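Tertiary structure, described
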Amino acid sequence: MARSTKKNMEKVRKGWDPSLWAGLKPFGIGEERPNNYAEILRAVWENKDEALYAWRILSRGVCDGCALGVAGLHDWTMDGVHLCNIRLRLLRLNTMPALDTRLLADLASLKQKKSAELKELGRLPYPMIRRRGERGFTRISWERALDEIAGRIRATSPRRTGYYMTSRGEPNENYYVAQKAVRAMGTNSIDNAARICHSPSTVSLKATIGAGATTCSYSDWIGTDLLVFIGSNPANNQPVTTKYMYYAKKAGTKIAVINSYREPGMERYWIPSNLESALFGTKISDRTFLVNVGGDVAFLNGTLKHMIENGWLDRGFIERHTAGFKQMRAALEEQSWEDLERLSGASREEMREFARMVGEASTAVFVWSMGITQHEFGEDNVRAIINLGLTKGFVGRDNCGLMPIRGHSGVQGGAEMGAYSTAFPGGLPVNPENARKLGELYGFEVPSEPGLTTPRMIDAAHDGELDVLVSLGGNFLEVLPDPDYVREALARVPLRVHVDIVLSNQMLIDPADTVILLPAATRYEIPGGVTQTSTERRIMYSPEIPGRRIGEARPEWEIFMELAKRVRPELADKLHFDGTQEIREEIARVVPMYDGIQHLRKSGDQVQYGGPHLCAGWKFDTPDGKAHFSAIALPETGIPEGMFVVTTRRGKQFNSMIHEEKDALTGAVREAVLMSEEDARGLGLANGERVVLRSEAGEFEGRVHIAPIKPRTLQVHWPEGNVLIDRRHRSAVADIPDYNALVRVERAGEREPAAV
Ligand SMILES: Nc1nc2c(c(=O)[nH]1)N[C@H]1C(S)=C(S)[C@@H](COP(=O)(O)OP(=O)(O)OC[C@H]3O[C@@H](n4cnc5c(=O)[nH]c(N)nc54)[C@H](O)[C@@H]3O)O[C@H]1N2
Ligand SMILES: Nc1nc2c(c(=O)[nH]1)N[C@H]1C(S)=C(S)[C@@H](COP(=O)(O)OP(=O)(O)OC[C@H]3O[C@@H](n4cnc5c(=O)[nH]c(N)nc54)[C@H](O)[C@@H]3O)O[C@H]1N2
Ligand code: SF4
Ligand SMILES: [Mo]
């Protein structure tokens, strides 16, 4: 094999290493694990009517699955093929034929269908309209649809309108034009799925180190001394990372996991495209620390306390390049070991063991995800990780970094393009000064007040304060807490517009007055090609792929442009773009950090904004040029007697799109209630027994699935589990819902708790 030119790949030891194997059973026979070869056969079968198109998408397109990022079948981190089962499952969304719109004439039978079945009916081919009292949708022309929507927007105040975008597949160009159009229509109430995903990460990183994204690249994982995953399960959610982890381990990296569940995929994984790992598996985590749901601040603060007590710090870095260390230390001194143990669910010894791992490492990368962000104190969770990262200057240098690993393919670019109610393009805060500057560039007045965040849009709808709600993809009914409340809210909005590629159940909610469906093009169908930004800040070009086109589906950027021109005809020339190349040229001017985007022309073209490391040379983009430690109080997360804390998790699904009844990584079916053996015993419950979970918000019936999970914590899959979540619990700054709940557990059919 030729020597790799990819950074850090030269550190990977050649030859097989049995000490890293998961076991001696070839192919892990008999183990609970996904069969990735079967996934390939399934994808071939599913896409057989459009085999050539499917192949072109895989071999030339930028993946529309997660935000890891790949062009065609190769990435910028490792040699060899980059492909996974998520991408294969999502492929059909791009190749399937149009649905028969006659099916929409009467919705009675469709209302019985699950979202997965609705999606399988096919692509949405034409604009459709349904008025109050009508049984279903009828076809309407684009002209009439856009005129009607524009008329309604003009007839109301911009304050009474809201716009939401999924991050599923959305390219930068769609976000950029959408936010410009919405701002021209007089409001900042445009938000995207990043709000309910990593918003606390962006807020806290900006406030402490002046960076709004990961500071490092994936290649920094390979050969770092210590790689830590906190509240993150990339084996399921960014599967190709298991290959990066394999290489990292072969370059001497130790992996630690902090989680409330011993995720099977993070313990060992069989990587299909690597012979050694495919045969014998790879042991991934070297040390897993089980913590309480919500126990991370306590665990990380305890870790910090040990590090300070033992002097496992880089004092030079702390003195020269940081501020706030003393205040942080003072806050820690107030926190007793008793509280730290009780709230974290881990022992003082375990925190010491982790502290020693961090203390002994001269390089480390910290990766986190939804287990950290989706809490009322999500911002503090992130700050606690940043504190730890700053103890030894684990930022801005090789093999070091702070990485909020992103979810949806489109999510990194969403807020950076300004499709965010609290940020303008470039992630700049919405305030009068930034509004004035943007207004000068655009040639029209840009509103200077922050708009409605996603959860607040639904609150406004519920309160009767929204006249127009435009949602591009996504499904409020399934991605936000308390579906009954969301249903009521959506049913009150006089005009709902759903721009989408397929059907979903939120579209079928009866109109308060009017519902309009608009068919969107996928990213591969957009003339001129598009770009997407990955977690590691890489802006990648995805070309238009020749193949089947669907009815009258149009690129979403064009839909927004046309709409805004109708609402503000006097601004038509200022809102016009001839194509995606012209959009990229404007992005390069308005968002200087995206400079280079205008030169991307073909598959594989890319530019990583900010370079491999942000905060390089320990220069921090904060007012004093320093990185800031945070003094963090312990959130009171104690679990009242007789109760459990339940968190929502992903199975074999892509967010609201469910792919399989059973998750092959965990063995859990959709209705599973993951529970520790200890709790099951205490409640007198057996594996598989039916139980009811009751929270203040609602109840959920499922089946006990005994798993290596922290006692007093439970997990259920979402969206099914969303009925348990109280919508009022949200984080203070970022406004992300807390997707966890306190529940009582009862055996199904009993009124009294199952406890004996
Ligand atoms: N196959 C697949 N891939 C996906 C997605 C998908 O739905 N399916 N979704 C995409 C999206 S949008 C995103 S954001 C990412 C999400 O990626 P992840 O954040 O990895 O996804 P989750 O399944 O929500 O996993 C949360 C993890 O945190 C743990 N956890 C829960 N609560 C706590 C806590 O309080 N503390 C700690 N330390 N751990 C906790 C859970 O046990 C679980 O391992 O995945 C992306 N990729
Ligand atoms: N309980 C609970 N809820 C959660 C989470 C959790 O962990 N627990 N995670 C949250 C997270 S991290 C995220 S990112 C959000 C996800 O929130 P969203 O992004 O809003 O939801 P998705 O389910 O990913 O959206 C998929 C739907 O979008 C549409 N769609 C798919 N592709 C396209 C496209 O190319 N264009 C258009 N216009 N539409 C398309 C289809 O209707 C599809 O059904 O959910 C959040 N909700
Ligand atoms: S890991 Fe993510 S980016 Fe890579 S192929 Fe899978 S879904 Fe696509
Ligand atoms: Mo997400």
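Reading guide: rules and limits
Residues numbered from 1 in each chain as written. Chains lettered and ligands numbered in written order. Predicted model: local features only at pLDDT ≥ 70, side-chain atom pairs only at ≥ 80, totals over all residues. UniProt positions renumbered as here; feature names shortened; annotations may be inferred. Helix = DSSP H or I, 4+ residues; strand = E, 2+ residues; numbered from the N terminus. Rg over C-alpha atoms; globule rule 2.2 N^0.38 Å. Buried ≥ 20, exposed ≤ 12 C-beta atoms within 10 Å, placed from the backbone. Contact = placed C-beta atoms within 7 Å. Pairing = 2+ DSSP bridges. Axes fitted to C-alpha atoms, helices over the stretch in contact; angles between N-to-C directions. Near = placed C-beta within 6 Å. Nonpolar A, V, L, I, M, F, W, Y, C, P; charged D, E, K, R; others polar. Domains from an automatic or database assignment. Parallel < 35°, antiparallel > 145°, perpendicular 65-115°, else oblique. Left-handed = near helix turned anticlockwise from the far one by under 90°. Core = buried A, V, L, I, M, F, W, Y, C linked by C-beta atoms within 7 Å.

An unreviewed UniProt entry lists the protein chain under the name Oxidoreductase alpha (Molybdopterin) subunit, with Rubrobacter xylanophilus as the source organism. Per its UniProt entry, the protein chain bears the Sequence similarities (unreviewed entry) comment "Belongs to the prokaryotic molybdopterin-containing oxidoreductase family."

When helices and strands are tallied, the protein chain shows 27 helices and 29 strands. Taking 756 residues into account, the globule formula puts the C-alpha radius of gyration at 27 Å, and the protein chain, at 25 Å, falls close to it. C-alpha extents for the protein chain along the principal axes are approximately 70 × 60 × 55 Å. Taking all 756 residues of the protein chain together, the buried fraction comes to 56%. Long-range contacts, defined here as pairs at least 24 residues apart, represent 78% of the contacts in the protein chain between residues at least 6 apart.

Further remarks concern the UniProt feature "domain: Molybdopterin oxidoreductase" (unreviewed entry) in the protein chain. Mapped onto this structure's residue numbering, the UniProt feature "domain: Molybdopterin oxidoreductase" (unreviewed entry) falls at residues 123–566. Taken end to end, residues 123–566 is 41% helix and 17% strand, and its first and last C-alpha atoms sit 27 Å apart.

The strands that make up a sheet are held in pairs by hydrogen bonds between backbone atoms, and each pair lies either parallel or antiparallel. Taking strand neighbours across the sheet as the criterion, the five strands line up as S9-S6-S5-S11-S12 in an open arrangement whose pairing is parallel. Each end of this open sheet is capped by a strand with a single partner; those strands are strand S9 (287–290) and strand S12 (401–404). Ignoring strand direction, the axes of neighbouring strands in this sheet form an average angle of 15 degrees. Two strands pair when backbone bridges link them, and strand S5 (residues 226–230) and strand S11 (residues 364–368) are joined in this way by five bridges, in the parallel orientation. Pairing of Leu227 across the sheet is with Val365, part of S11.

With that settled, the discussion passes to the site of ligand 3. Inspection of the region around ligand 3 gives 14 residues, with Cys63, Gly65, Cys66, Cys84 and Val240 positioned closest. Class assignment for the residues of the shell around ligand 3 results in nine nonpolar, four polar and one charged. Taken together, domain 1 (28–95) and domain 3 (199–405) each give at least three residues to the shell around ligand 3, which thus spans both.

For any two helices packed against each other, one specifies the crossing angle of their axes together with the interaxial distance. Axis separation between helix H6 (residues 172–184) and helix H26 (residues 580–590) bottoms out at 10 Å; the angle between their running directions is 70 degrees. By the angle between their directions, the pair H6 and H26 is classed as roughly perpendicular. Of H26, the residues touching H6 (which contributes Asn172, Glu173, Tyr176 and Val177) are Thr580, Ile583, Arg584 and Ile587.

Taken together, 31 residues lie near ligand 2, and Gly473, Gly474, Asn655, Ser656 and Trp718 sit nearest. Grouping the amino acids of the shell around ligand 2 by side-chain chemistry returns 13 nonpolar, 15 polar and three charged. Of the residues that make up the shell around ligand 2, three or more belong to each of domain 2 (121–193 + 420–608) and domain 4 (644–747).

Moving on, we come to the domain arrangement of the protein chain. Entries for the protein chain in the domain assignment read domain 1 (28–95), domain 2 (121–193 + 420–608), domain 3 (199–405) and domain 4 (644–747). For domain 2 and domain 3, the distance between their C-alpha centres works out to 35 Å. With four residues of domain 2 at the interface, the matching set in domain 3 holds six residues. Considering only residue class, the side of domain 2 that touches domain 3 consists of no nonpolar, two polar and two charged.

The subject of this paragraph is the UniProt feature "domain: Molybdopterin dinucleotide-binding" (unreviewed entry) in the protein chain. Those places that UniProt annotates as "domain: Molybdopterin dinucleotide-binding" (unreviewed entry) correspond, in this numbering, to residues 645–741. End C-alpha atoms of residues 645–741 are separated by 6 Å, and the span's content is 7% helix alongside 34% strand.

This paragraph deals with the sheet that holds strand S17 (residues 514–519). If you trace the seven strands from one edge of the open sheet to the other, you get S2-S1-S17-S16-S15-S3-S4, paired in mixed fashion. Only two strands of the sheet have a single partner each, and these edge strands are strand S2 (138–139) and strand S4 (190–192). Alignment of strand S1 (residues 128–131) against S17, held across four bridges, turns out to be antiparallel. Its bridge partner being in S17, Arg131 is matched across the sheet by Thr514.

Attention now moves to unusual backbone geometry. Trp718 connects to Pro719 through a cis peptide bond whose omega is 10 degrees. Looking at the element boundaries, Pro719 is found in the loop between strand S28 (713–717) and strand S29 (740–747). Of note, Asn399 is a non-glycine position whose phi angle comes to about 60 degrees, a positive value. According to the C-beta neighbour criterion, Asn399 is buried, with 25 such atoms within 10 Å. Look at Cys615: it is not a glycine, yet its phi comes out positive at around 60 degrees. Relative to the helices and strands, Cys615 resides in the loop between strand S20 (606–608) and strand S21 (627–628). A count of 25 C-beta atoms within 10 Å places Cys615 in the buried class.

Now for the environment of Ile632. Residue position: Ile632 is located in the loop between S21 and strand S22 (644–649). Judged by the 22 C-beta atoms lying within 10 Å of it, Ile632 is buried. Separated by 304 residues in the primary sequence, Ile632 and Met328 place their C-alpha atoms 7.1 Å from one another. Residues contacting Ile632, with those up to four places away along its chain left out, are Val297, Asn301, Ala331, Asp380, Arg383 and Ala384.

This part is about the packing of helix H5 (residues 142–155) against helix H24 (residues 556–567). Relative orientation of the contacting elements H5 and H24 amounts to 50 degrees, with a least axis distance of 9 Å. One element, H5, and the other, H24, form an angle in the oblique class. As for how H5 packs across H24, the hand of that crossing is right-handed. On the side of H5, the interface is formed by Leu146, Asp147, Ile149, Ala150, Ile153 and Arg154, while H24 contributes Glu562, Leu563, Arg566 and Val567.

A separate point is the nonpolar core. Judged by nonpolar contacts, the single largest core of 111 residues is most densely connected at Ala178, Ala181, Ala461, Phe560 and Ala564. Here this core spans two domains, and each of domain 1 (28–95) and domain 2 (121–193 + 420–608) adds at least three residues to it. Beyond its immediate chain neighbours, meaning those up to four positions away, Ala461 contacts Leu466, Leu469, Ala489, Leu490, Arg492 and Val493. Among the nonpolar cores identified, the runner-up in size contains 75 residues, and Leu226, Val228, Leu390 and Ala664 belong to it.

So, about helix H7 (residues 199–209). For H7, the buried fraction is high: nine of the 11 residues fall into the buried class. Within H7, the full set of buried residues consists of Ser199, Pro200, Ser201, Thr202, Val203, Ser204, Leu205, Thr208 and Ile209. Of the residues flanking the end of H7, it is Gly210, one or two places downstream, whose phi is positive at about 75 degrees.

This brings us to the environment of Trp312. Positionally, Trp312 belongs in the loop between helix H12 (296–309) and helix H13 (315–321). Looking at Trp312, the number of C-beta atoms within 10 Å reads 19, which means it is partly exposed. For the pair formed by Trp312 and Val692, sequence separation is 380 residues and the distance between their alpha carbons is 47 Å. Residues within four places of Trp312 in sequence aside, it is in contact with Met307, Ala355 and Gly359.

Turning next to the pairing of strand S15 (residues 468–472). Of all five residues making up S15, five are buried, and the element is well covered by its neighbours. Side-chain alternation along S15 places Val468, Val470 and Leu472 on one buried face and Leu469 and Ser471 on a second face that is also buried. Of the strand pairs in this sheet, strand S3 (residues 161–165) and S15 are connected by five bridges, and their pairing is parallel. Bridging across to S15, Tyr164 finds its partner in Ser471. In the sheet, S15 pairs with strand S16 (residues 495–500) via five bridges, with the strands oriented parallel. Counterpart to Leu472 in the pairing with S16 is Val499.

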